[in-house]
Amino acid sequence: MKYLINTVTLLAIMFSASLAGAAEMKIGHLDLQRIVAESDAGKIGHELLAAKTKRYQDEINVKIEQVKKLKASQEAGPKKGKKSIGARQQNPDVIGERELQAMVTAYQNDLKAYDSELTRKVLDEFTPILQQYATANKYDYILRSSDGILFFDTKNDLTDLLIKEFNAKRNK
């Protein structure tokens with residue numbers, strides 16, 4: 001559906017350009033994923049995410065060791081026959097595994113949200129620079145390369161230029 005909407009939008013742009021006659025439209029495109037990945041702001045965000053990921057992984061590793069120790073102590077203890085399902089559910093090693101799984105799930109969700117937040121911050125900081133560039137260079141449209149554009153000439157790719165512009169403005 002998104003592809004269809006983007007295609008119709010692009011066709012409308014091209015149709016309006018043909019109606020404009022002699023006036024030539026200036027259209028560029030960029031890759032937002034590369035801007036987030038390759039810009040200084042994006043690299044800082046990636047480092048923050050990596051640090052948080054490492055901290056969470058360290059906490060998970062500690063919990064894994066605790067669960068292993070708990071299992072080892074349970075296996076070393078005297079066995080009194082088979083336990084019922086209810087008794088196994090109350091078993092400390094099963095509870096430890098559940099806590100571990102809950103911890104991993106919570107950390108994964110948090111990291112996903114944190115990554116989205118960092119990406120949004122980079123794009124929020126980038127948007128005014130894009131708007132200034134487009135206005136100063138009289139662009140009619142700047143499209144995202146990843147949004148269903150079937151073909152684009154690399155001469156109209158503004159990604160590298162805008163990354164340099166973004167980094168330069170951030171470093172001032």
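Here, every reference points to the structure presented above.
The model shown is predicted, which means the values in this text are computed figures rather than measured ones. (Residues numbered from 1 in each chain as written. Predicted model: local features only at pLDDT ≥ 70, side-chain atom pairs only at ≥ 80, totals over all residues. Heavy atoms only, no water.)

1. Looking at the overall build of the protein
So the rule is basically this: Each helix is a run of DSSP H or I of at least 4 residues and each strand a run of E of at least 2, with the numbering of both proceeding from the N terminus. In this scheme, a residue with accessible area under 20% of its type's maximum is buried, one over 50% is exposed, and one in between is partly exposed, where area comes from a 1.4 Å probe on protein chains only. Two residues form a contact once any of their heavy atoms are found within 4.5 Å. All accessibility values rest on the Shrake-Rupley procedure with a 1.4 Å probe; residue burial counts only the protein chains present in the view.
A count of helices and strands for the protein gives 6 helices and 2 strands. When the helices and strands of the protein are placed in sequence order, the string is α-β-α-α-α-α-β-α. Counting all 172 residues of the protein, 25% fall into the buried class. Of all intrachain contacts in the protein linking residues separated by at least 6 positions in sequence, the fraction that spans at least 24 positions is 83%. Looking at the protein as shown, the accessible area adds up to about 12,100 Å², and 57% of this sits on carbon and sulfur atoms.

2. A few points about the packing of aromatic side chains
Using the following cut-off: Each Phe, Tyr or Trp ring (for Trp, its six-membered ring) is paired with any other whose centre lies within 6.5 Å, and the angle between the two planes then decides the class: stacked below 30 degrees, edge-to-face above 60, tilted in between. In our convention, an over-ring charge means Lys NZ or Arg CZ found within 6 Å of a ring centre and within 35 degrees of that ring's normal.
Inspection of the entire model under this criterion finds 3 aromatic pairs. Consider the rings of Tyr56 and Tyr107, whose centres lie 3.8 Å apart with planes at 5 degrees: the pair is stacked. Linking Tyr56 in helix 3 (residues 40-76) with Tyr107 in helix 5 (residues 92-136), this pair joins segments that are 51 residues apart in sequence. Tyr107 matches Tyr56 in its accessibility class, with the two residues each being buried. Stacked on the ring of Tyr139, the Lys or Arg Lys26 has its end atom at 4.6 Å from the ring centre.

3. Focus: the nonpolar core
Worth spelling out the cut-off: Put simply, a nonpolar core is a bunch of buried Ala, Val, Leu, Ile, Met, Phe, Trp, Tyr and Cys residues held in one set by side-chain atoms that sit within 4.5 Å of each other.
Within the largest apolar cluster, 16 residues are counted, with the highest numbers of intra-cluster contacts made by Leu30, Ile35, Phe126, Leu162 and Phe166. Looking at this core, the elements that each hand over two or more residues are helix 2 (32-38), helix 5 and helix 6 (159-170). A per-element tally of this core places helix 5 first, with 6 residues. Discounting residues that sit within four places of it in the chain, Phe126 has contacts with Leu30, Leu32, Ile35, Leu162 and Phe166.

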